[in-house]
Amino acid sequence: MLLSWMMMKLMDPSMDEVMTKMLTEDYKDNPFLMVTVAEKLSPRAMMEAAMRAEAGKELARPLGSPVVLSPWDKLLLNPKQLFELPTSDYTGITMKTIIGPKAKKPLQLELPIMITGMSYGGSLSLPIKIALAKGATIVGTSTNTGESAVTEEERGAARFLIGQYHRGGQLSGQEQLKQLDAIEIQLGQGAWGGAVDSTMKAEDIDEHLRNAWGLKKGEDATVYARMPGKNSTQDYIKMIDDMKAQYDVPIGVKIAGTDYIEYELAVIAQTKADYIVVDGSEGGTAVANPTLQDNVGLPTFYTLVRTIDWLVKNNLRERFSVIIAGGLTTPGHFLKALALGADAVYIGTIALLAALHTQMTKALPQAPPSQMLLYTGKLTDKLHIDAAANHLANFLSSCKSEMQLAVQAVGKKSIKELNRSDLVTVEKDLAEFAAIRYAGSHREERKSTEK
């Protein structure tokens, strides 16, 4: 205590000088200038400028962009009380969903919340991948390999494992593909602004990962902007159809949200794929740079609405299951996405934070919690796998209960019964864009719309 008192006294003169300057000096010699600069530039821009000045190369920002343009909070669910009654028992409301119902072996899940593709090696450590698989298994949903390969550890922990057949080639060959419950052909992702090159240097790849990826010692791992050897749209269509012919499980195609979404869907519609994943620009990642994260792509809400509308308009909605991804974090987000037409949602960053729970204190305040999650993290050995799995399962179970209560309020008996008539917004342009109720319309207009 004496030492603390002495330090406080030693600091007093300097603090007094700073305060005097802030209260008396013109801006050009006033430390308060940095506050106004921060208001102009934003603290994020200032810190990232400092990182760029230090590194002289592109940044890699884990967990995605802070720019969220999807207006989820401006959409509300529409409860019923007298003219129609709420569902009597919320616990009986089914949350089951089927991905690829027309496949020989459809993927049947207990709830429509799935763990998105986050790769072992390129993104996450093996312990957190095992924890995600275990947590998903407890509640009867799926996890996803991401841009990696099938490992014995993740496959052993996952009841339902979706594998990404991707532009790096780490997951390929019948030996690996036959182990999967669905195959997802990954052609882009929201956080990367679509599809771009990325390389992991050989010196950053340990022996376990090198063996999993089938690399030679000293060999780099590269994910390319396009599938190697694919030079035309027809090449991709043939690849997807060949995959469908070889495997009984659902075959999906994952793309990033873009203002060209209808053109991309028109290509997928020429294939025999079972499901489509569309990943909005709010999607997370471990390595994409801030420019791609913040400035490229289409927000998740707009991506979803336009995807469903195009499929309906072209009489293709029943052909494809639709999974939406990108910045979805709450049961409310999940419900609204499902009401807009998605069959299921993918979650990533929020699942990681739920899994970490109080284990974050093992890193904070000296280091960010991401050091316990990332493959390159310095604290990955601190993660308690089973505790993380149970906390993820608790999060998903909590989401399920809250979603069931909301479905009860709108008078439905199944999550599959949710539709756009269950949504309302106070924003007229959103109502027109998404073809949902506008709270400001007159009663006569509303009756006319409902007819």
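As recorded in an unreviewed UniProt entry, the protein chain goes by Ferredoxin-dependent glutamate synthase and comes from Pelosinus fermentans B4. Per UniProt, the protein chain carries the Sequence similarities (unreviewed entry) text "Belongs to the glutamate synthase family."

Caption draft 1: Representation of the pairing of strand E12 (residues 321-325). Where burial is concerned, most of E12 is hidden: 5 out of the 5 residues are buried. Burial along E12 is two-sided: Ser 321, Ile 323 and Ala 325 facing one way and Val 322 and Ile 324 facing the other are all buried. In the sheet, strand E11 (residues 275-279) pairs with E12 via 5 bridges, with the strands oriented parallel. Of the residues in E12, the one forming a bridge with Tyr 275 is Ser 321. Pairing of E12 with strand E13 (residues 344-347) involves 2 bridges; the strand directions are parallel. Residue pairing across strands places Ile 323 opposite Ala 344, the latter belonging to E13.

Caption draft 2: Structural context of the packing of aromatic side chains. Under the definition given, this model contains 6 aromatic pairs. When the centroid spacing of 5.7 Å and the interplanar angle of 85° are considered together, the rings of Trp 72 and Phe 301 count as edge-to-face. Of the two residues, Trp 72 is situated in the loop between helix H3 (43-55) and strand E1 (75-77) and Phe 301 in helix H11 (residues 300-313); the sequence distance between them amounts to 229 residues. Given the relative accessible area of 2%, Trp 72 is considered buried. Aromatic side chains Phe 301 and Tyr 302 sit 4.9 Å apart centroid to centroid with 80° between the ring planes, which places their arrangement in the edge-to-face category. Judged by its relative accessible area of 0%, Phe 301 falls in the buried class. Ring pairs connect the aromatic residues Trp 72, Phe 301, Tyr 302 and Phe 433, which therefore count as one cluster.

Caption draft 3: Structural detail: the sheet that holds E13. Taken in spatial order, the 8 strands of this open sheet run E4-E13-E12-E11-E10-E7-E6-E5, and their pairing is parallel. At either margin of the open sheet sits one strand with a lone partner, and together these are strand E4 (113-115) and strand E5 (142-144). Within this sheet the neighbouring strands show an average axis-to-axis angle of 25°, counted without direction. Seen against the sheet, helix H4 (residues 126-139) touches E4 and E5 and runs at an angle of roughly 160° to E5. The strands touched by H11 are E11 and E12; relative to E12, the strand with the most contacts, the crossing angle is about 170°.

Caption draft 4: Inspection of the domain arrangement of the protein chain at higher detail. Domain annotation for the protein chain reports domain 1 (15-55) and domain 2 (72-438). Taking the mean C-alpha position of each, domain 1 and domain 2 sit 41 Å from one another.

Caption draft 5: Examining the environment of Asp 294 more closely. Its place among the elements puts Asp 294 in helix H10 (residues 290-295). Note: C-alpha distance between Asp 294 and Ser 281 (13 residues apart in sequence) is 7.8 Å. When near neighbours in sequence (up to four residues on either side) are disregarded, Asp 294 contacts Arg 44, Arg 61, Ser 65, Pro 66 and Val 67.

Caption draft 6: Inspection of the pairing of strand E7 (residues 182-186) at higher detail. The element E7 is extensively covered by neighbouring structure, given that 5 of its 5 residues are classed as buried. Of the two faces of E7, the one carrying Ala 182, Glu 184 and Gln 186 and the one carrying Ile 183 and Ile 185 are both buried. Sheet topology note: the strand E6 (residues 160-165)/E7 ladder contains 4 bridges and is parallel. Among the inter-strand pairings, Ile 162 is bridged to a residue of E7, identified as Ala 182. One ladder, built from 4 bridges, connects E7 with strand E10 (residues 251-256); its direction is parallel.

Caption draft 7: Structural view of the side chain of Glu 184. Tracing the sequence through the fold places Glu 184 in strand E7. A polar contact of 3.1 Å, which involves the side chain of Glu 184, links it to the side chain of Gln 164. Apart from residues lying up to four places away in sequence, Glu 184 is in contact with Asn 144, Ile 162, Gly 163, Gln 164, Tyr 165, Gly 252, Lys 254, Tyr 275, Val 277 and Tyr 346.

Caption draft 8: Looking closely at the pattern of salt bridges. The tally for this structure, following the rule as stated, stands at 23 salt bridges. Residue Lys 201 pairs with Asp 220 through a salt bridge whose shortest N-O separation is 3.8 Å. One end of the pair, Lys 201, is in the loop between strand E8 (198-200) and helix H7 (207-213); the other, Asp 220, is in the loop between H7 and strand E9 (221-223), with 19 residues separating them in the sequence. Of the charged contacts, one joins Arg 306 and Glu 262 as a salt bridge, the two residues approaching to 2.8 Å between their closest N and O atoms. Residue Arg 306 is located in helix H11, and its partner Glu 262 is located in helix H9 (residues 261-268); the two are separated by 44 residues in the primary sequence. A relative accessible area of 18% means that Arg 306 is categorised as buried. Overall, Glu 262 belongs to the partly exposed group, its relative accessible area being 22%. Within the structure, one salt-bridge network assembled from shared partners comprises Arg 44, Glu 48, Arg 52, Arg 61 and Asp 294.

Cut-offs and rules
Residues numbered from 1 in each chain as written. Predicted model: local features only at pLDDT ≥ 70, side-chain atom pairs only at ≥ 80, totals over all residues. Heavy atoms only, no water. UniProt positions renumbered as here; feature names shortened; annotations may be inferred. Buried < 20%, exposed > 50% of the residue type's maximum accessible area, 1.4 Å probe, protein only. Helix = DSSP H or I, 4+ residues; strand = E, 2+ residues; numbered from the N terminus. Pairing = 2+ DSSP bridges. Phe/Tyr/Trp six-rings, centres within 6.5 Å; stacked < 30°, edge-to-face > 60°. Axes fitted to C-alpha atoms, helices over the stretch in contact; angles between N-to-C directions. Contact = heavy atoms within 4.5 Å. Domains from an automatic or database assignment. Polar contact = N/O pair within 3.5 Å; in protein donor to acceptor, adjacent residues only side chain to side chain. Salt bridge = Lys/Arg side-chain N within 4 Å of Asp/Glu carboxyl O.

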